[in-house]
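# Structure assessment
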Amino acid sequence: MNFNNTTIDWNQVHHVINGANRIMLTTHENPDGDGLGAECGLYHHLNGIGKDIRIVNFSPLPDEYDYLNDGGIFECYEKDYHENWIENVDLVIVFDVGDYVRIRTIVDAVKKHNLTTMNIDHHPHPNAHPFTHNIVDLSAAATGCMVYDYLKLFREEPIQKESLVGIYSAVMTDTGCFRYSNTDQKCHNIAIECLSAGVETHIIYRQIYENSTRSRMSLMGTFLSNLNYELDGKLAWFTISQTMLKNANATKADVDGFSDLVRTIRGVEVALMVFEQNEYRCRINFRSKGNYAINDIAKAMGGGGHAFAAGAVTEGSLKNVARKAVEESIKSLEQKMSLSQ
Ligand SMILES: [Mn+2]
């Protein structure tokens, strides 16, 4: 089935999930609260109704999401260790992936055993997608909202607290704590249901947002004092090099949220981060305040994403990728600004 931002027939989705016994849930590398929360949300339901279910991700669970890991449900993919179990998987559900390749080596396992896949996502996907089943809702604030939709329809009992903790984490993180333009009534209704079920939302907030490492703060100090502004301050950009990471004793996870922070500056319409992965490759991140879409720029750089939050991984040195990304951004934004005048 292919619901590529068309009305989702959840009955068809349910038919596939219900018909599978051994189910693997996964999400993109360097997972965020949405991918992890969506997994956790569906896991507890399917586990409760007796499915042979596991969550297997390419990346380890980030420390701040430890509270989701009651019962040690998150596993990090190891080819040899998982081989036997994976070869008889009936259905792989991939959450929040944006681009299939972001599940990394799990793609190889899927191909090797010719597994059935179901993409559940709120990122744009081309119609020529690689999934057996493609379930995309671009209007969903988080993939976790789609899991909520499914559970509301097909779970006979009220959604259990363990699932709601995951769904709340998904919605909270993908809406920037109910602040971004994607925050809608459904997000708040989900929050109400979570509070009613006894989810301690303030503790989830504290775990994720009041848990910064000193290294992250140190790195933040460095990049914030080296911001660059273009287009009368409407575009702010910065680079994070491996040297900066090393000097701050930071890891790549410490970089999460930096572009969101730069977008909060008065007058800035678009924030751009260029993050060196190694000598030959950089990750770029765009965040827009909502007046100018930026996923076309990310696409031109070989990536994609939402209209106002997008990114790409681009071959090239930090210097070259930064120059190209800044040039492309200036060109595209100048055009959009002249059109909107
Ligand atoms: Mn998401």
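Since this is a predicted model, take the numbers as computed values, not measurements.

The next thing to look at is the sheet that holds strand 13 (residues 309-315). Strands sit in the order 8-9-10-11-13-12 across an open sheet of six strands; the sheet is mixed. Of all the strands in the sheet, the pair left with one neighbour each is strand 8 (228-230) and strand 12 (304-305).

On the basis of which strands lie adjacent, the open sheet formed by seven strands has the order 1-7-6-5-2-3-4 and parallel pairing. Edge positions in the sheet fall to strand 1 (2-4) and strand 4 (74-76), since each of these pairs with one other strand and no more. Taken pair by pair, the neighbouring strands of this sheet meet at an average axis angle of 25°, ignoring direction. Two elements, strand 5 (residues 91-95) and strand 6 (residues 117-121), share four bridges in a ladder whose sense is parallel.

Let us now look at the packing of helix 6 (residues 161-174) against helix 7 (residues 185-196). Contact geometry for helix 6 and helix 7: axes closest at 10 Å, N-to-C directions at 145°. Considering only the axes of helix 6 and helix 7, their crossing is left-handed. In this structure, helix 6 contributes Leu 164, Ile 167, Tyr 168 and Val 171 to the contact, and helix 7 contributes Cys 187, Ile 190, Ala 191, Glu 193 and Cys 194. Across the contact of helix 6 with helix 7, the residue classes tally to eight nonpolar, no polar and one charged.

Taken domain by domain, the protein comprises domain 1 (2-209) and domain 2 (214-339). Its C-alpha centre places domain 1 at a distance of 27 Å from the equivalent point of domain 2. Within the side of domain 1 that touches domain 2, the residues separate by chemical class into two nonpolar, five polar and one charged.

Counting 57 residues, the largest nonpolar core has Leu 25, Ile 93, Tyr 168 and Val 171 as its most contacted members. No other element matches helix 6, which puts seven residues into this core. Residues contacting Leu 25, with those up to four places away along its chain left out, are Glu 39, Leu 42, Tyr 43, Ile 53, Ile 55, Ile 93 and Phe 95. Among the nonpolar cores identified, the runner-up in size contains 36 residues, and Leu 219, Phe 223, Val 268 and Cys 282 belong to it.

A few words now on the environment of Val 101. Structurally, Val 101 is set in the loop between strand 5 and helix 4 (106-112). Among the residues examined, Val 101 registers 12 C-beta atoms within 10 Å and is labelled exposed. When the C-alpha positions of Val 101 and Glu 29 are compared, they lie 9.3 Å apart, and in sequence the two are 72 residues distant.

Once that is clear, we can look at the environment of His 45. As for its placement among the helices and strands, His 45 is situated in helix 2 (residues 33-48). A residue is classified by how many C-beta atoms lie within 10 Å of it, and His 45, with 21 of them, is buried. Sequence spacing of His 45 and Glu 210 is 165 residues, and the spatial spacing of their C-alpha atoms is 29 Å. Every residue in contact with His 45, bar those within four places of it in the chain, is listed here: Leu 151, Arg 155 and Ser 163.

Of all eight residues in strand 11 (residues 281-288), six are buried, a share of seventy percent or more. As judged from the eight bridges shared by strand 10 (residues 270-278) and strand 11, these two strands associate in the antiparallel manner. Bridged to Glu 276 within strand 11 is Cys 282. Taken together, strand 10 and the strand that follows it, strand 11, pair antiparallel across an intervening segment of two residues. Where strand 11 and strand 13 come together, seven bridges link them in antiparallel fashion.

Reading the values: the criteria
Residues numbered from 1 in each chain as written. Predicted model: local features only at pLDDT ≥ 70, side-chain atom pairs only at ≥ 80, totals over all residues. Pairing = 2+ DSSP bridges. Helix = DSSP H or I, 4+ residues; strand = E, 2+ residues; numbered from the N terminus. Axes fitted to C-alpha atoms, helices over the stretch in contact; angles between N-to-C directions. Left-handed = near helix turned anticlockwise from the far one by under 90°. Contact = placed C-beta atoms within 7 Å. Nonpolar A, V, L, I, M, F, W, Y, C, P; charged D, E, K, R; others polar. Domains from an automatic or database assignment. Core = buried A, V, L, I, M, F, W, Y, C linked by C-beta atoms within 7 Å. Buried ≥ 20, exposed ≤ 12 C-beta atoms within 10 Å, placed from the backbone.

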